[in-house]
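Structural characterization, general
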Amino acid sequence: MNKKEEILIEKAFTHLTNKLGKGNVIWERKKDTKHYAALFIVRENPVYVKVRNEIRPQQIEQLLRTKPPTDDLLIIANYITPTAKKALEEFNINYTDEAGNMHFVKGDVYIHIEGIPAAYKKLTPKNRAFTKTGLKVIFLFLLEDRLLNATYREIAQKAKVALGTIPKVMEGLKEDGLIVKADEQKWIINDYQALLDKWVREYGLQLKPDLFVRRYKAVDPNFTRDWKKVKFKNTLWGGEPAADKLTKHLKPEIFAVYTNETQQELIKNYKWLPDENGSIEVYEKFWDYPDYDLTFTHPLLIYAD
């Protein structure tokens, strides 16, 4: 166990102890916890602890495969997305985040706390590649790695960033060993999965919040049923609707879109009205090259969302 994990476990232990009182929660440090980060004894009931930096919906299936057959599992994370929290509750998996938001049901104990602002802070990028504008460029490289060897002007045009951004991104990727020379003239991605994982993380922390425009609600009362019938002009489904179009197994609750259309155009074209509590989340479309599909975003962006 590294120091960061131990700090998270200590915080979770404190959160539980504050709610249940001293003596009702024991951190059992001597037991064999080879497959788990820690073992808590909560009112004489064993609770096995797993630690993650963050939990997103796509990780739930893996957690279910490792859940103890008879004893409860407690997930401790820096940050858990709202959708992931809902999924964990549905599968009866207990969780707590760094801030103290918690769902814990074990024996006669029931604790549910939500609404505490996340203490999860953005990580300072190690280099100049993973800035807000740099992330737009890296997304382009992940989609089409041949552009690593295009002119800086072409890359900047397609990524919709300033020309001066490109050399900074290239140098940053070189410094981290994420791109390497295949020969004297050609650059290639050295570890695609590592680059993708880092981009997904930083996209969610840095770029996506800046792309958010506002929420809307549909005038059509049957929108949640008929959303697939919407005919877009310069807008694409993202997030849950896009994932549903790929998997056919989701029922969207939040309807994310990426668009270059103005508010007036959204109102006129789709009969969407600004509403802070609306189920339609509008984000700025941040790329300028042919779309993967005419109705939804590229699978890489769907995965990140």
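Anything mentioned here points back to the structure above.
All chains use their own residue numbering, which begins from 1 and follows the written sequence. In view of the model being predicted, local features appear only for residues whose pLDDT reaches at least 70, and side-chain atom pairs are presented and counted only at 80 or more, with totals across whole chains, interfaces and linings using the full set of residues. Note: side-chain values were computed over all heavy atoms of the structure, leaving out hydrogens and water.

**Section: the pairing of strand β12 (residues 255-259)**
Buried means the residue's accessible area, taken with a 1.4 Å probe over protein chains only, is under 20% of the maximum for its type, while exposed means over 50%, and partly exposed covers the values in between. The numbering of helices and of strands both runs from the N terminus, where a helix is a DSSP run of H or I of at least 4 residues and a strand a run of E of at least 2. Counting buried residues along β12, five of its five residues qualify, which places the element largely inside the surrounding structure. Taking every second residue as pointing to the same face, both faces of β12 are buried, with F255, V257 and T259 on one and A256 and Y258 on the other. One bridge is not enough; two strands pair if DSSP finds at least two bridges between them. Here strand β11 (residues 235-237) runs beside β12; their pairing, made up of three bridges, is antiparallel. Counted as the bridge partner of W237 is V257 from β12.

**Considering the sheet that holds strand β6 (residues 102-106)**
Strand order across the open sheet formed by seven strands is β1-β2-β3-β4-β5-β6-β7, with mixed pairing between neighbours. Of all strands in the sheet, those with a lone pairing partner are β1 (25-28) and β7 (109-113), marking the two edges. The mean inter-strand angle of the sheet, taken between neighbouring strand axes irrespective of direction, is 30°. Pairing analysis gives four bridges linking strand β4 (residues 72-80) to strand β5 (residues 94-97), with the strands arranged parallel. Note on β5: the bridge partner recorded for I76 is T96. Contacting β3 (45-55), β4, β5, β6 and β7, helix α3 (residues 82-90) runs over the sheet at an angle of about 175° to β4. Angles here are taken between N-to-C directions and fall from 0 to 180 degrees, while the axes themselves are lines fitted to C-alpha atoms, restricted in helices to the stretch in contact. Should any heavy atoms of two residues lie within 4.5 Å, those residues are counted as being in contact.

**Some remarks on the sheet that holds strand β14 (residues 280-284)**
By definition, the strands of a sheet pair up through backbone hydrogen bonds, in either a parallel or an antiparallel sense. If you trace the five strands from one edge of the open sheet to the other, you get β11-β12-β14-β10-β13, paired in mixed fashion. Bordering the open sheet on either side are β11 and β13 (272-274), each of which pairs with just one other strand. Mean inter-strand twist for the sheet, computed between neighbouring axes without regard to direction, equals 35°. Pairing of strand β10 (residues 212-218) with β14 involves four bridges; the strand directions are antiparallel. The partner of F212 across the bridge, within β14, is Y283. Along the sheet, helix α7 (residues 192-211) contacts β10, β12 and β14; its crossing angle with β10, the most-contacted strand, is approximately 60°.

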